[in-house]
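# Structural overview
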Amino acid sequence: MSTEIGQREDPMTAAGGAPAQSTMQDLGARLRDRRKARGKTLRVLADEVGCSPSMLSKIETDQATPSLRTLHRILAALDTSIVALFASDGAEDEISVMRADERPSVRVSHGGASGAIVLERLTPTFPELLLDANIHTLEPGAESGGDIQHVGQELGFILQGRVELFVNGQSHFLGPGDSFFFASNLPHRYRNIDPGTSRILWVATPATF
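Here goes a summary of the coordinates provided. Predicted model only: the values in this text are computed from it and were never measured.

### Points about the layout of surface pockets
Quantified by volume, the second largest pocket comes out at close to 310 Å³. If you trace the second largest pocket, you find 18 residues lining it, with T80, S81, P206, A207 and T208 closest to the centre. Within the residue set of the lining of the second largest pocket, elements represented by two or more residues are α4 (68-77) and α5 (82-85). With three residues, α4 is the largest single contributor of residues to the lining of the second largest pocket.

Structure, rendered in structure tokens:
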């Protein structure tokens with residue numbers, strides 16, 4: 001049984017014929033609630049993340065969209081994840097089906113000259129989820145915003161476009177049909193080098209976002 005997160009307002013259609021998705025509209029509010037529950041002020045969390053308190057405030061009130069790297073740092077500093085923030089209180093189902101037009105998504109890295117990255121969730125939000133999978137849709141010029149490191153392993157498959165993946169200082173140019181695997185403790189980041197939209201099927205364990 002699938003669970004849709006967020007509202008169905010402002011649906012978007014990704015390039016390549018991808019269906020419209022529902023957006024996690026209240027991510028900022030959930031981050032703010034989590035910060036307060038952890039007893040952290042805007043300044044304390046901003047110092048831990050490496051951004052200004054004003055920027056963090058804008059993220060919490062949905063006036064600004066964080067880069068993938070910044071979002072990861074916020075989640076890590078709050079000892080949480082997208083999965084945990086949107087976890088259902090109900091018991092997890094042994095089987096979960098998510099229809100193509102029901103996939104919830106998170107939009108990051110939007111603003112300035114760079115394009116946005118949309119994370120389309122493929123896995124449900126079970127509280128104890130071990131395996132996390134998303135489709136990363138990269139607009140022209142999109143990049144993850146700097147190196148990320150954490151516990152786990154990651155695997156990806158290029159569905160569309162061309163991307164440059166940096167892992168542990170090494171650059172890899174990837175196109176449709178190419179795949180990759182790496183240990184998540186290695187510093188990693190990526191960017192879209194295609195003039196159009198690129199899409200990556202991305203699987204990670206444990207759930208980080």
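### Things to note about the pattern of salt bridges
Counting across every chain of the model gives nine salt bridges. In this structure, R103 engages E120 in a salt bridge whose closest nitrogen and oxygen atoms are separated by 2.8 Å. Here the residue R103 occupies a position in the loop between α5 and β3 (104-108), and E120 occupies one in strand β4 (residues 117-121), the gap between them amounting to 17 residues. Of the two residues, R103 and E120, neither departs from the other in class, the shared state being buried. Between R121 and D132 there is a salt bridge; the shortest N-O distance is 2.7 Å. Of this pair, R121 sits in strand β4 while D132 sits in strand β5 (residues 132-138); the two residues are 11 residues apart in sequence, bridging distant segments of the chain. Assigned by exposure class, R121 and D132 land together as buried. Through salt bridges with shared partners, a single network forms among R103, E120 and R199.

### Brief notes about the sheet that holds strand β7 (residues 163-167)
One key point about sheets: their strands pair by backbone hydrogen bonds, in either a parallel or an antiparallel sense. Sheet architecture is open: three strands sit in the order β8-β7-β10, paired in antiparallel fashion. At either margin of the open sheet sits one strand with a lone partner, and together these are β8 (170-174) and β10 (188-192). Averaged over all neighbouring strand pairs, the angle between strand axes comes to 20°, with direction disregarded. Bridge count for β7 against β10 is five bridges, and the pairing is antiparallel. Bridging across to β10, V163 finds its partner in N192.

### Concerning the pairing of strand β6 (residues 153-160)
Pairing of β6 with strand β9 (residues 179-183), which is carried by five bridges, proceeds in the antiparallel orientation. The partner of E154 across the bridge, within β9, is F182. Relative to strand β11 (residues 198-205), β6 is paired through seven bridges, and the arrangement is antiparallel. Looking across to β11, one finds that I158 is bridged to I200.

### Considering the nonpolar core
One finds L27, L31, L71, L165 and F180 to be the most contacted residues of the largest nonpolar core, which totals 36 residues. It is α4 that provides the largest number of residues to this core, a total of five residues.

Each value, and the rule that gives it
- Going along each chain's sequence as written, the residues are numbered from 1 onward.
- Confidence filtering applies because this is a predicted model: local features only for residues at pLDDT of at least 70, side-chain atom pairs given and counted only at 80 or more, and all residues used for totals across whole chains, interfaces and linings.
- Derived side-chain values reflect all non-hydrogen atoms in the structure, with water molecules and hydrogen atoms excluded from consideration.
- For each structure, a 1 Å grid was placed over the protein atoms alone; sets of points admitting a 1.4 Å probe that cannot get out are labelled cavities, open sets with protein on both sides within 12 Å along at least five of seven lines are labelled pockets, and lining residues have an atom within 4 Å of a point.
- Grid points are joined across faces, edges and corners, and a volume is the space filled by probe spheres set on the points.
- Helix and strand assignments follow DSSP, with helices taken as H or I runs no shorter than four residues and strands as E runs no shorter than two, numbered in order from the N terminus.
- For this analysis, a salt bridge means a side-chain nitrogen from Lys or Arg found within 4 Å of a carboxyl oxygen belonging to Asp or Glu.
- Think of it in three bands: with a 1.4 Å probe and only protein chains considered, a residue is buried below 20% of the maximum accessible area for its type, exposed above 50%, and partly exposed in between.
- For two strands to count as paired, DSSP must find a minimum of two bridges between them.
- Lines fitted to C-alpha atoms define the axes, with helix axes restricted to the stretch in contact, and inter-axis angles between N-to-C directions lie between 0 and 180 degrees.
- In plain words, nonpolar cores are sets of buried Ala, Val, Leu, Ile, Met, Phe, Trp, Tyr and Cys residues tied together by side-chain atoms within 4.5 Å.

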